[in-house]
Amino acid sequence: SQQGEEDPQALSIQEGENATMNCSYKTSINNLQWYRQNSGRGLVHLILIRSNEREKHSGRLRVTLDTSKKSSSLLITASRAADTASYFCATDSNYQLIWGAGTKLIIKP
Amino acid sequence: DVKVTQSSRYLVKRTGEKVFLECVQDMDHENMFWYRQDPGLGLRLIYFSYDVKMKEKGDIPEGYSVSREKKERFSLILESASTNQTSMYLCASSLALGKAGGKETQYFGPGTRLLVL
């Protein structure tokens, strides 16, 4: 059961530009999380935002959550080559996380 | 730092073989999870465990079983491997207590890429 859907599926930008990815979901949530996956590796947790929060920052990352629209966005500012990865949102449902298919981000030098 | 390790990065097995994938976490986490990841499908939960000897089915448990005899170790077993089980397998753990801990931050191992011929 796929709850979160990331948009776009793929994004290619120049180094130094900002990258924005979106996640939409279907049912009410307690929290939404963003993870990063470098090519062929495990996932790394980036940010968890709870349903009563609207915005959260961590370094160059900014996450917003709009529960009325059932959507979230992840903004990476001043992108670097090392940000090249796939980014996944995950929402909570019963006892588990439900994952989207991810956005593949490529940072061009 | 939380460390989650998986026994193999790459595995090649034959159809019908019994396959064991092992996962160990070193942070005394209560919850552990097994996912498979296929292109375009995101992560799908196979099984999770919220305590020693406790297990719960995820979305796609068919063809798999799990074992958790010790808190730090969670094993995924493919009873009779089939070609449609070729995939990337990811193990994760979560500190939060009880079944609801599955909704909190998860820490992942590096993954095992399994090829079944």
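Keep in mind it's a predicted model, so treat the numbers as computed, not measured.

(A) Structural context of the state of the cysteines. All told, the structure shown has two disulfides over all chains when counted by the stated rule. The disulfide partner of Cys-23 of chain A is Cys-89 of chain A, and the S-S distance across this bridge is 2.0 Å. With the S-S bond torsion at 65°, the cross-link from Cys-23 of chain A to Cys-89 of chain A turns out right-handed. With a gap of 66 residues between them, Cys-23 of chain A in strand S3 (residues 19–24) and Cys-89 of chain A in strand S9 (residues 85–93) connect regions that are remote in the sequence. Here Cys-23 of chain A matches Cys-89 of chain A in class, with each residue buried. The disulfide bridge from Cys-23 of chain B ends at Cys-91 of chain B, spanning 1.8 Å between sulfur atoms. Torsion about the S-S bond of the Cys-23 of chain B and Cys-91 of chain B cystine: about -80°, corresponding to left-handed handedness. Linking Cys-23 of chain B in strand S3 (residues 19–25) with Cys-91 of chain B in strand S9 (residues 87–94), this pair joins segments that are 68 residues apart in sequence. We classify Cys-91 of chain B as buried; its relative accessible area is 0%.

(B) Quick look at the packing of aromatic side chains. Taken as a whole, this structure holds eight aromatic pairs over all chains when the rule is applied. Centroid distance Tyr-35 of chain A to Phe-108 of chain B: 5.8 Å. Interplanar angle 85°. Geometry classified as edge-to-face. Residue Tyr-35 of chain A is found in strand S4 (residues 31–37), and its partner Phe-108 of chain B is found in strand S10 (residues 107–108); the two belong to separate chains. An identical accessibility class is assigned to Tyr-35 of chain A and Phe-108 of chain B; each is buried.

(C) A look at unusual backbone geometry. In this structure, Pro-8 of chain A follows Asp-7 of chain A across a cis peptide bond, with omega equal to 0°. Relative to the elements of secondary structure, Pro-8 of chain A occurs in the loop between strand S1 (5–7) and strand S2 (10–14). The phi torsion at Asp-28 of chain B lies on the positive side, around 60°, for a residue other than glycine. Note that Asp-28 of chain B resides in the loop between S3 and strand S4 (31–38). Of note in the backbone geometry, Lys-53 of chain B takes a positive phi value of approximately 70° without being a glycine. Position of Lys-53 of chain B relative to the elements: it lies in the loop between strand S5 (42–51) and strand S6 (54–57).

About the thresholds
- Residues numbered from 1 in each chain as written.
- Chains lettered and ligands numbered in written order.
- Predicted model: local features only at pLDDT ≥ 70, side-chain atom pairs only at ≥ 80, totals over all residues.
- Heavy atoms only, no water.
- Disulfide = S-S within 2.5 Å.
- Helix = DSSP H or I, 4+ residues; strand = E, 2+ residues; numbered from the N terminus.
- Buried < 20%, exposed > 50% of the residue type's maximum accessible area, 1.4 Å probe, protein only.
- Phe/Tyr/Trp six-rings, centres within 6.5 Å; stacked < 30°, edge-to-face > 60°.

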